[in-house]
Amino acid sequence: MGRIPFMAGNWKMNRTVAEARELVREIKKAIAGVEDVEVAVAPPFTALYAVRQEVEGSSVRLGAQNLYWEEKGAYTGEVSPLMLKEIGCHYVIVGHSERRQLFGETDETVNRRIKAALAHGLAPIFCIGETLQEREDGKTFAVVERQIEGGLKGIGTGDLGHLVIAYEPVWAIGTGKTATPEQAEEVHRFIREKVKILHSVGFAESLRIQYGGSVTPENVKGLMAQKDIDGALVGGASLTSKTFAKIVRFREL
Ligand code: PGA
């Protein structure tokens, strides 16, 4: 069976509750009638509940931008998988490069979060990708390999559920510099091969691998034409309904 394209908007630390409601309403309108593309939005925690109310009854799925690995307790400032589940999240972004770079996430903490998400029936959008320095040093594949092995450590194939991997070269995030379709495809193919070895051919073939990093309506079509690119994790361009809807409607471009 073919992989259904998956477009997700990562709103990062943008949009108040009122603004989030408005944005998701506009998005719903702008993507009405689109079939065969899965769509999710990941607002900040504070807007999850409101956005959940807005997407109820539509095909737009809700994602969170992070989670903690314990269910409850004395962890000031953290949000648990139970809370995300209750609020109606389907997805949760884990290991975003901003979390890794600015908030000290490691492969080990990413692994704990992925395990907690899966244990609670949340589908992780597991982010990996190399920095500019690592790419220039020829370490892209080694870095991505380490991140996959570390992030998925100790998780059986049968427990991976609806995990999604997002390949986001750090040098392309928010910079306007996208990887070329060929550059991205090369890494996506490598990721799929790696998952085949670590898990199974069947799981790897069904796994959706999103590309992320300055995806726009201008470059999405070329990226989506690649065999192993199954969608996009979109930051900046997901903050306006017009550009996000164009990305969702990449087939019509
Ligand atoms: P960008 O962000 O589209 O603004 O580059 C992508 C991401 O960080 O997920």
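Residues numbered from 1 in each chain as written. Predicted model: local features only at pLDDT ≥ 70, side-chain atom pairs only at ≥ 80, totals over all residues. Heavy atoms only, no water.

K.L.:
Could you clarify how one ought to interpret the pairing of strand 2 (residues 38–42) in this entry?
P.N.:
Each regular strand displays side chains that alternate between the two surfaces of the sheet. Of all 5 residues in strand 2, 5 are buried; the element is thus mostly enclosed. The alternating pattern of strand 2 places Glu38, Ala40 and Ala42 and Val39 and Val41 on opposite faces, both of which are buried. Of the strand pairs in this sheet, strand 1 (residues 6–10) and strand 2 are connected by 5 bridges, and their pairing is parallel. Paired with phenylalanine 6 across the two strands is glutamate 38, which belongs to strand 2. Taking the sense of rotation as the criterion, the β-α-β connection linking strand 1, helix 1 (residues 17–30) and strand 2 turns out right-handed. One ladder, built from 2 bridges, connects strand 2 with strand 3 (residues 61–64); its direction is parallel. From the neighbouring strand, alanine 40 faces strand 3, where its bridge partner is arginine 61. (Buried < 20%, exposed > 50% of the residue type's maximum accessible area, 1.4 Å probe, protein only. Helix = DSSP H or I, 4+ residues; strand = E, 2+ residues; numbered from the N terminus. Pairing = 2+ DSSP bridges. Right-handed = clockwise from strand over helix to strand, strands pointing away.)

K.L.:
I'm lost on the site of the ligand in this one. Help?
P.N.:
Around the ligand, the structure places 13 residues, and the nearest of them are Lys12, His96, Glu168, Gly174 and Ser214. One of the side-chain nitrogen or oxygen atoms of lysine 12 is found 2.7 Å away from an oxygen atom of the ligand. Here an oxygen atom of the ligand and a side-chain polar atom of histidine 96 are 2.6 Å apart. For the ligand, the protein covers 94% of the area, taking 280 Å² as the surface of the free molecule. Classifying every residue of the shell around the ligand by side-chain character gives 4 nonpolar, 7 polar and 2 charged. (Near = heavy atom within 4 Å. Polar contact = N/O pair within 3.5 Å; in protein donor to acceptor, adjacent residues only side chain to side chain. Areas by Shrake-Rupley, 256 points an atom, 1.4 Å probe, with all protein chains shown as cover. Nonpolar A, V, L, I, M, F, W, Y, C, P; charged D, E, K, R; others polar.)

K.L.:
Would you mind showing me how to read the sheet that holds strand 8 (residues 231–234) here?
P.N.:
As summarised here, the arrangement of the 8 strands in space is 1-2-3-4-5-6-7-8, forming a closed barrel in which the pairing is parallel. Each adjacent strand pair in this sheet contributes to an overall mean axis angle of 25°, direction not counted. Examined bridge by bridge, strand 6 (residues 164–167) and strand 7 (residues 208–212) share 4 bridges and lie parallel to one another. For isoleucine 165, the partnering residue across the bridge sits in strand 7 and is isoleucine 209. This element, helix 5 (residues 107–119), spans strand 4 (91–94) and strand 5 (123–128) of the sheet and lies at about 160° to strand 5. In the packing of helix 11 (residues 241–248) onto the sheet, the strands contacted are strand 1, strand 2 and strand 8, and the crossing angle to strand 1 comes to about 160°. (Axes fitted to C-alpha atoms, helices over the stretch in contact; angles between N-to-C directions. Contact = heavy atoms within 4.5 Å.)

K.L.:
Just checking my understanding: could you explain the state of the cysteines for this structure?
P.N.:
A covalent bond between the sulfur atoms of two cysteines is referred to as a disulfide. Tallying each qualifying case throughout the model produces 0 disulfides. Its sulfur unpaired, cysteine 89 is 15 Å from the next cysteine sulfur, which belongs to cysteine 127. Take cysteine 89: its relative accessible area is 4%, and that puts it in the buried class. In this structure cysteine 127 comes out as buried when scored by relative accessible area, which is 2%. (Disulfide = S-S within 2.5 Å.)

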